[in-house]
Amino acid sequence: MSEFVAFGGTFDPVHFGHIISARDVAQQMGYQQVHLVPCGDAYHKGGALTHSTHRLAMLEQALAEEPWLLADGRETRREGATYTIDTLKDLRSELGPDAHIAWVMGSDTADQLTSWHNWRSLFELANVIVVRRAHESRPNLSSWPCRWMQDTKDFKACAFGAALELELTPVDISSTDVRCRLKNHQSVADLVPPSVLKYINTLGLYRES
Ligand code: ATP
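Being a predicted model, the structure only gives us computed values, none of them experimental.

Trainee: Hey, could you run me through the packing of aromatic side chains in this one?
Mentor: We describe a pair of aromatic rings using the distance from one ring centre to the other and the angle between the two ring planes. Per the stated rule, a full pass over the model turns up 2 aromatic pairs. Pairing Phe-123 with Trp-144 gives two aromatic rings, centres 5.4 Å apart and planes at 50 degrees, and the pair type is tilted. One end of the pair, Phe-123, is in helix H5 (residues 122–125); the other, Trp-144, is in the loop between strand E5 (127–131) and strand E6 (147–149), and 21 residues separate them in sequence. For the residue pair Phe-123 and Trp-144, the accessibility class agrees, reading buried in each case. Ring plane angle 20 degrees and centroid distance 5.5 Å describe the contact between Trp-144 and Trp-148, whose orientation is recorded as stacked. Residue Trp-148 is classed as partly exposed on the basis of its relative accessible area, which comes to 36%.

The structure is reproduced here in structure tokens:
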């Protein structure tokens, strides 16, 4: 069975929380590769995002030495608002009906899923893996139209329609925190890889409000 595993997000900027969680998902689930997929510029939730060229470039540099992780720019090349459902439709037609497709999200994102465009249809195209973020209580996901699974082998046998909660070692970092520290001229050396810090410093990103 072919597989495609994606961790979507804004990655503004990518930090060790993303990288360590994605790496842990790959290792715990036995996946060959996890794609980190930054959203496009017309982000449906609004708010000023750093241009996708930079968000993707930082991701590429951060993951250059990560054998299990891949920066995937497919959503940044699409026009208009980024909807995960469109990405999943493309993936499903690319990979065929039997491929195991899994979309990974943190518990904060999972808690908001019911506000996403066409969210129920996600489960007709893919499976979902929820990872707990530091200091987050367990979200109530009982309205999700999916089969909850505990066994990773059973989960990986599903093409779509299943969900799994994965307990990882929490990494208490957010992009908001990184941006805030940079704006206040504080160090982020423990929060992002050196290559990302270099990119940020060279372009002077996140320094102004
Ligand atoms: P922001 O602070 O700007 O909201 P963020 O740190 O939450 O950003 P995103 O790019 O929005 O990062 O997150 C992408 C995905 O990664 C989401 O599903 C989010 O829940 C998850 N995620 C982000 N940080 C962590 C972390 N430290 N541990 C586990 N999952 C995380």
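Trainee: I tried to follow the nonpolar core on my own but got confused; where do I start?
Mentor: When a protein is soluble and globular, its nonpolar side chains tend to lie buried together. Counting 40 residues, the largest nonpolar core has Val-25, Leu-36, Ile-129 and Phe-155 as its most contacted members. Setting aside residues no more than four positions away along its own chain, Val-25 makes contact with Gly-30, Tyr-31, Val-104, Ile-129, Val-131, Leu-166 and Leu-168. Membership of the second largest hydrophobic core comes to 23 residues, among which are Phe-4, Ile-85, Trp-103 and Leu-122.

Trainee: What exactly am I supposed to notice about the confidence of the model for the protein chain here?
Mentor: Low pLDDT means the predicted coordinates in that region are not meant to be read closely. Predicted confidence across the protein chain gives a mean pLDDT of 94, with 97% of residues reaching 70 or more. For this predicted complex, the interface score ipTM comes out at 0.98, while the overall pTM is 0.96.

Trainee: Just checking my understanding: could you explain the site of the ligand for this structure?
Mentor: Not every one of the 20 residues close to the ligand is listed here, only the nearest: Asp-108, Arg-133, Val-171, Ser-175 and Thr-176. Ser-21 is positioned with one of its side-chain polar atoms (N or O) 3.4 Å from a nitrogen atom of the ligand. Interatomic distance of 2.8 Å between a backbone N/O atom of Val-171 and a nitrogen atom of the ligand. At the level of secondary structure, the elements contributing two or more residues to the shell around the ligand comprise strand E1 (3–9), helix H1 (16–29), strand E4 (100–106), helix H4 (107–112) and helix H7 (175–183). Taken together, the residues of the shell around the ligand sort by class into 5 nonpolar, 12 polar and 3 charged.

Trainee: I tried to follow the sheet that holds E1 on my own but got confused; where do I start?
Mentor: Think of a sheet as strands paired side by side through backbone hydrogen bonds, with each pair either parallel or antiparallel. The 7 strands lie next to each other as E3-E2-E1-E4-E5-E7-E6, forming an open sheet whose pairing is parallel. Both outer strands of the open sheet, strand E3 (69–71) and E6, are each paired with one neighbouring strand and no more. The sheet shows a mean angle of 25 degrees between the axes of neighbouring strands, taken without regard to direction. Note: E4 against E5, 5 bridges, orientation parallel. The residue of E5 that forms the bridge with Trp-103 is Val-128. Along the sheet, helix H3 (residues 84–95) makes contact with E1 and E4, crossing E4 at roughly 155 degrees.

Trainee: Could you clarify how one ought to interpret H7 in this entry?
Mentor: Restricting attention to buried positions, one finds in H7 the residues Ser-175, Val-178 and Leu-182. The buried residues of H7 occupy an angular sector of 60 degrees when projected down its axis, which confines them to one face. On the buried face of H7, the contacting elements are H1 and helix H8 (194–203). Trailing H7 by a residue or two, His-185 shows a phi angle of about 60 degrees, which is positive.

Trainee: Sorry if this is basic, but what is going on with the pattern of salt bridges here?
Mentor: Should the charged atoms of two oppositely charged side chains come close, the side chains can pair. Overall, the coordinates contain 9 salt bridges when judged by the stated rule. Between Arg-23 and Glu-66 there is a salt bridge, with the nearest N and O atoms lying 2.8 Å from each other. Separated by 43 residues along the polypeptide, Arg-23 in helix H1 and Glu-66 in the loop between helix H2 (52–63) and E3 bring together distant segments of the chain. The exposure class of Glu-66 is buried, given its relative accessible area of 16%. The salt bridge involving Arg-138 is made with Glu-165; its shortest N-O contact spans 2.6 Å. Placement of the pair is Arg-138 in the loop between E5 and E6 and Glu-165 in strand E7 (residues 162–166), with a sequence separation of 27 residues. For Glu-165, a relative accessible area of 28% corresponds to the partly exposed category.

Quick notes on the rules
- Residues numbered from 1 in each chain as written.
- Predicted model: local features only at pLDDT ≥ 70, side-chain atom pairs only at ≥ 80, totals over all residues.
- Heavy atoms only, no water.
- Phe/Tyr/Trp six-rings, centres within 6.5 Å; stacked < 30°, edge-to-face > 60°.
- Helix = DSSP H or I, 4+ residues; strand = E, 2+ residues; numbered from the N terminus.
- Buried < 20%, exposed > 50% of the residue type's maximum accessible area, 1.4 Å probe, protein only.
- Core = buried A, V, L, I, M, F, W, Y, C linked by side-chain atoms within 4.5 Å.
- Contact = heavy atoms within 4.5 Å.
- pLDDT = per-residue confidence, 0-100.
- Near = heavy atom within 4 Å.
- Polar contact = N/O pair within 3.5 Å; in protein donor to acceptor, adjacent residues only side chain to side chain.
- Nonpolar A, V, L, I, M, F, W, Y, C, P; charged D, E, K, R; others polar.
- Pairing = 2+ DSSP bridges.
- Axes fitted to C-alpha atoms, helices over the stretch in contact; angles between N-to-C directions.
- Arc of directions from axis to C-beta.
- Salt bridge = Lys/Arg side-chain N within 4 Å of Asp/Glu carboxyl O.

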